[in-house]
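Remarks on the overall topology
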Amino acid sequence: MKVLNICFYVTGTSSILSHQDDFEQKYQHIYKDIVSFLFEQKNACFSISLSGQLLSWIGREHSEFTQLLSKLSSQKQAELLGGGYYNPLFPLLFSQDRTGQIELMTSELRRYIGKRPRGMTVSHSIWDNNLIPCFQSCGMEYVFLDSSLIPKEKQSYLPLLVTEQGKSLSVIAVSREFIPNMLIAPREYLRNLFDTVNYLTKDDSYNMLTEERVVAIKIDENQFKKLYESKWLSKLFSAVQEFFPDSIKITTPLEFLHRSETRIPSYIPAGIQSDVAKWAKRPYEESTGIPFFQPTIFDFLLTYPQNKALYNRMLYISLLINQCKGDKTRKKVAREKLWVAQSGEAYVCDPDGVFANSAVRQLAYRNLTEAEKLVREAQNGDFKETVSSYDYNGDGFNEYICAMKQYNACISPNGAQISELDIIHNTGNYADSPSRIKQFDKVDDKYHRGIFIDHLFSLDEFSDYRRGSPTGNGVFSQVIFRQLDFDAHRHEIKFSGTGTYSPIQASITLIKKYIANSTGFTIQYILKNDSPFDLKGVFVVESNYAQTDFSSVKANSYRVALISADEKNEIEMKDSPRFTKRVTDIQITDASNDISFVYTPNDPCDFVCMPIIFRRPSTSNDTPTVSGNVFVASLCWNIELEAGKEIEKNITYTITIPKKRSKKKA
């Protein structure tokens, strides 16, 4: 090797939760320095990758920045990189959304910089070979991928050529092991970098084809700030000219690719960069060692059910929009809402193990609900309430999707519970609730905390349950119910689940029937004692509501009003569980959105409500801290069932949304 080409690229990121003040602060403290540095160092050049939201904000608020970037681009000191506007995870998207996200980013770059990008980045190097035709058709000539995805036999510090369906794309590997270290002098850093690459490639078969190699090095915005302020970067470019004028060249990827014709034909399996993939095996735990296979984004989603549930919802809305034949304007806006919800930070963690919090997921759900509302409006009044059955979440069992006037709900055979509840009032998913994990929360729930999940406890177990302690399996919370009847026309789903009441090993059956209507459900329960023994216990119907107040991790957005003996009482919610006897009506109100959920049982019931606190590590090195909570509301009945007898309970569940205020006449 005679010449080592170094391609630095600087990244500027943003969160979908970012506000104007966040952008302004980063601009003043970091992004202005990028342009300043390039104008100071006429011999300097690097690529720049900005998130779509950040680029648009800078273009609107600081046009001087984009004008200078445009000038630097024409001088070949800066190359602007493309990608998905909202940093989506491309393998999760339909082709139309992949193309749309890339073209939206390209349009913004052309608008503010004056050039369309020819190279792109993908979030966390989440890759699949079938992306190649889409990227190529969007005008991309190359993509950056983390070197951990590249097969070892192809790691020769040369561009790779990958193909799919007759389309080809160049891949430049990003080497994290060469990230600049301020403790090492620039001259020594460059010498070590050249010697390392030279040593690793001196005997490979590509020396006959080329005398040049290339290394791509990613510098995030915080690293750039430190390198810039310490003058390390300035010294680096000076050292190249002074000490390595013939052996090291700092260039941009596009300039190198147009000059060099050498490519290594390759196939890159689907995967994620290693420092993110290590979180894919066990929930919230780092995996050490070399895995037998490269985890994909789908392996990651299977490990984290809440992320997978959001993906299921996103896929459902994508299908609705693709099938929409109505108002094109509303359909276009609905797709834009969908793209916001496809932001990668809602589906995957970062290399430090920082996972999407409830606020990020709920914002994604809210945008998906707004998209669904627009699709319904686009049908020119032709929306019809439906209940359909198909494998919504890919678990091998059919779920039941209730698309009603005021809500969209998914009823799962797992516990015959509502596993997703989206109110068509621009809100998130009220069933977006995690379960406790023993490693972090000291207890395991062992069931999904949905809405209308059922338990049959002994008196001792119920005493523990009232205190928020682990309570065994609750009999029906882990049962896969089977369908007894499904009437799509009448919006009725009837389930049957069988379990064993552990205190006396009694076989029991629960028949559970949902009847969906425009404003909620009627739920019928028939509990039968199939054993030859009499049993006594407590039947509990539990609902878990995701928080919508994100002012703090322990914030509670719910108020409770109970009607007992014709008296209405407000319950002041605290951290501890509350227990009330003989209740006839229950109203739970989400104060953040002014939406109420009203339970009217046919028989008076006892009522338990409490917050359940969840703890998770916030980064890979942290001990578990409070990460959020859900609000638990449970209707309870004392049950005495003789052998072979059954008992029936009914609940009317009504969702009340704010009424539109009529405009006053002038």
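Everything that follows concerns the structure shown earlier in this document.
Nothing here was measured: the structure is a model prediction, and the numbers come from that model. (Residues numbered from 1 in each chain as written. Predicted model: local features only at pLDDT ≥ 70, side-chain atom pairs only at ≥ 80, totals over all residues. Heavy atoms only, no water.)

Let's talk about the overall build of the protein
If you tally the helices and strands in the protein, you get 16 helices and 28 strands. What you see for the protein is a C-alpha radius of gyration of 29 Å, in line with the 26 Å of a compact globule of 666 residues. Counting only C-alpha atoms and orienting by the principal axes, one finds that the protein spans roughly 90 × 65 × 45 Å. The proportion of buried residues among the 666 residues of the protein is 54%. At a minimum sequence separation of 6, the contacts of the protein that also span at least 24 residues come to 69%. Carbon together with sulfur atoms contributes 48% to the accessible area of the protein, which is approximately 29200 Å² in total. Taken as two groups, the 78 positive and 79 negative side-chain charges of the protein have centres that lie 4 Å from each other. (Helix = DSSP H or I, 4+ residues; strand = E, 2+ residues; numbered from the N terminus. Rg over C-alpha atoms; globule rule 2.2 N^0.38 Å. Buried < 20%, exposed > 50% of the residue type's maximum accessible area, 1.4 Å probe, protein only. Contact = heavy atoms within 4.5 Å. Areas by Shrake-Rupley, 256 points an atom, 1.4 Å probe, with all protein chains shown as cover. Lys, Arg positive; Asp, Glu negative; His and termini not counted. Charge placed at Lys NZ, Arg CZ, Asp CG, Glu CD.)

Description of helix 2 (residues 52-61)
Within helix 2, seven of the 10 residues are buried, which leaves it mostly tucked inside the rest of the structure. Regarding helix 2, the residues found buried are Gly52, Leu54, Leu55, Ser56, Trp57, Ile58 and Gly59. Along its buried surface, helix 2 packs onto strand 1 (3-12), helix 1 (20-40), strand 2 (46-50), helix 3 (63-74) and helix 4 (95-112).

What to know about the packing of helix 2 against helix 3
One way to put it is that helix 2 packs onto helix 3 with a least axis distance of 5 Å and a crossing angle of 105°. In terms of orientation, helix 2 and helix 3 fall into the roughly perpendicular class. Residues Ile58, Gly59 and Glu61 of helix 2 touch helix 3, and the partners they reach there are Ser63, Phe65 and Thr66. When its residues are assigned to classes, the contact of helix 2 with helix 3 shows two nonpolar, three polar and one charged. (Axes fitted to C-alpha atoms, helices over the stretch in contact; angles between N-to-C directions. Parallel < 35°, antiparallel > 145°, perpendicular 65-115°, else oblique. Nonpolar A, V, L, I, M, F, W, Y, C, P; charged D, E, K, R; others polar.)

Some details on the environment of Thr196
Position of Thr196 relative to the elements: it lies in helix 6 (residues 186-201). Among the residues examined, Thr196 registers a relative accessible area of 32% and is labelled partly exposed. Sequence separation between Thr196 and Phe178 is 18 residues; the distance between their C-alpha atoms is 9.9 Å. A distance of 2.7 Å separates the side chain of Thr196 from the backbone oxygen of Asn192, its partner in a polar contact. (Polar contact = N/O pair within 3.5 Å; in protein donor to acceptor, adjacent residues only side chain to side chain.)

As for the nonpolar core
Ranked by size, the top nonpolar core spans 68 residues in total, and within it Leu92, Trp127, Phe135, Ile268 and Phe300 carry the most contacts. Element by element, the count of residues in this core is highest for helix 14 (residues 358-378), at nine residues. With sequence-adjacent residues up to four places away left out, Trp127 is seen in contact with Pro91, Ile132, Phe135, Val143, Leu145, Leu149, Val162, Leu169, Ile268, Pro269, Ala270 and Gly271. In this structure, Phe481, Tyr545, Met573 and Leu641 belong to the second largest nonpolar core, which totals 59 residues. (Core = buried A, V, L, I, M, F, W, Y, C linked by side-chain atoms within 4.5 Å.)

Things to note about unusual backbone geometry
Non-glycine residue Phe452 carries a positive phi angle of around 65°. Along the chain, the position of Phe452 falls in strand 15 (residues 451-457). One non-glycine residue, Gln505, lies in positive phi territory at about 50°. Looking at the element boundaries, Gln505 is found in the loop between strand 17 (492-501) and strand 18 (506-517).

A word on the state of the cysteines
The term disulfide refers to a covalent linkage connecting the sulfur atoms of a pair of cysteines. By the definition in use, this model includes zero disulfides. No disulfide involves Cys7; its sulfur sits 7.9 Å from that of Cys45, the nearest cysteine. Summary of cysteine pairing: Cys410 is not part of a disulfide, and the nearest cysteine sulfur, belonging to Cys402, is at 8.4 Å. With a relative accessible area of 3%, Cys410 lands in the buried category. (Disulfide = S-S within 2.5 Å.)

Details of the pattern of salt bridges
A complete count under the given rule lists 33 salt bridges for this structure. Where Arg111 meets Glu108, a salt bridge forms, and the shortest distance between an N and an O atom there is 3.5 Å. Placement of the pair is Arg111 and Glu108 together in helix 4, with a separation of three residues, close to one helical turn. Looking at Arg111, the relative accessible area reads 59%, which means it is exposed. Using a relative accessible area of 10% as the deciding quantity, one classes Glu108 as buried. In this structure, Glu286 engages Lys278 in a salt bridge whose closest nitrogen and oxygen atoms are separated by 3.0 Å. Each of Arg313, Glu372, Arg376, Glu420 and Asp422 takes part in a single network of salt bridges with overlapping partners. (Salt bridge = Lys/Arg side-chain N within 4 Å of Asp/Glu carboxyl O.)

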